[in-house]
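Topology and contacts: notes
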Amino acid sequence: MTVLKQMLEKYDMTTADGAVNGLREVMQEVALAGLYRGGFFDKAAFYGGTCLRIFYGLPRFSEDLDFSLLASDPGFSLEPYFRAVREEFSALGLEVEVSAKKKTARTGIESAFLKSDTRLFGFAVHADKTIKIKFEVDVVPPLGFATEEKLLLQPFSFYVKCFSLPDLFAGKMHALLFRNWKNRVKGRDWFDFEWYVRNGTPMRLSHFVIRAEQSGKLHEEYLAEPEFRQLLHQRIEALDVAAARNDVSRFVKDVEALKIWSRNYFHELAKRMQITGG
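Residues numbered from 1 in each chain as written. Predicted model: local features only at pLDDT ≥ 70, side-chain atom pairs only at ≥ 80, totals over all residues. Heavy atoms only, no water.

For the rest of this paragraph, the subject is the nonpolar core. If you look at the biggest cluster of nonpolar residues, it comprises 87 residues, and the most contacted ones within it are Phe193, Phe208 and Phe228. Setting aside its immediate chain neighbours within four residues, Phe193 contacts Phe169, Met173, Leu176, Leu232, Phe266, Leu269, Ala270 and Met273. (Core = buried A, V, L, I, M, F, W, Y, C linked by side-chain atoms within 4.5 Å. Buried < 20%, exposed > 50% of the residue type's maximum accessible area, 1.4 Å probe, protein only. Contact = heavy atoms within 4.5 Å.)

For the rest of this paragraph, the subject is the pairing of strand S1 (residues 44–47). Of the two faces of S1, both are covered, the one formed by Ala44 and Phe46 as well as the one formed by Ala45 and Tyr47. Here 4 bridges tie S1 to strand S2 (residues 65–69), and the two strands are oriented antiparallel to one another. In the sheet register, Ala44 faces S2, and the bridge partner there is Leu69. (Helix = DSSP H or I, 4+ residues; strand = E, 2+ residues; numbered from the N terminus. Pairing = 2+ DSSP bridges.)

What follows deals with the packing of aromatic side chains. Counted under the stated rule, the structure contains 23 aromatic pairs. For the pair Phe145 and Phe163, a centre-to-centre distance of 4.1 Å together with 15° between the ring planes defines the contact as stacked. With Phe145 in the loop between strand S5 (130–138) and strand S6 (147–152) and Phe163 in strand S7 (residues 158–163), this residue pair connects regions lying 18 residues apart in the sequence. Across this residue pair, the class does not change: Phe145 and Phe163 are buried. Members of the aromatic cluster, connected to one another through ring pairs, are Phe40, Phe41, Phe46, Phe55, Phe67, Phe76, Tyr81 and Phe135. Over the ring of Phe156 we find Arg37; its NZ or CZ atom is 4.0 Å from the centre of that ring. Taking the ring centre of Phe61 as reference, the NZ or CZ of Arg53 above it sits at 4.1 Å. (Phe/Tyr/Trp six-rings, centres within 6.5 Å; stacked < 30°, edge-to-face > 60°. Lys NZ or Arg CZ within 6 Å of the ring centre and 35° of its normal.)

This is how it looks when you write it as structure tokens:
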């Protein structure tokens, strides 16, 4: 059995959504392997929903790969790592096209936090279906985060430098509270929030504050826990729960688990949320 088939075995490929999600996640793991071989994780760490899914067991699929440099470097380019990524896909018999994307003025939920100092790259993988993966690298990142080495066993054994869970949670809460929704609701933010609380993960308030300051959403260097919780409860009151449920449903296997969602439910989760200062 080929490595690619082994990697796809753990996914339900009998449905259209299952096949696309499974193939995309395998492609993401292959891309991570290529970046590892190229030495990328000496300079950067993996974060975001896909990191949470692959390395921490989040039960929903995620589309993009998000990275943060470990230190500010406005001149950084991902392009020197393209060759290693191409070679990794080629070893599995897959053709991949890599392109650097220029930022344009965009609106909508997906680009709400697309900073001027974020590098965008697109990978188009030609398999049974063409899968497109978006890479984002924050080259002037909000710092104050901790990392840990997480092991991936396929397509071979290697370690990926990832944000720690409290800092991943801080990034998620920054998105949940301040993301520009426009006419859409990012239900995936609320699904992840629920997951963190259910798993007893504390959020690092200090990293949240650094993120909020850098994005211009907070104009003070200090935010007390009660003030943070007030912001969260206000956001919950404004939530369109049905739209949130609809947004995330195609990324999860157990849609029935979303039936409990309500503003009251999220208020209860907010009360149980653990927060750490440093």
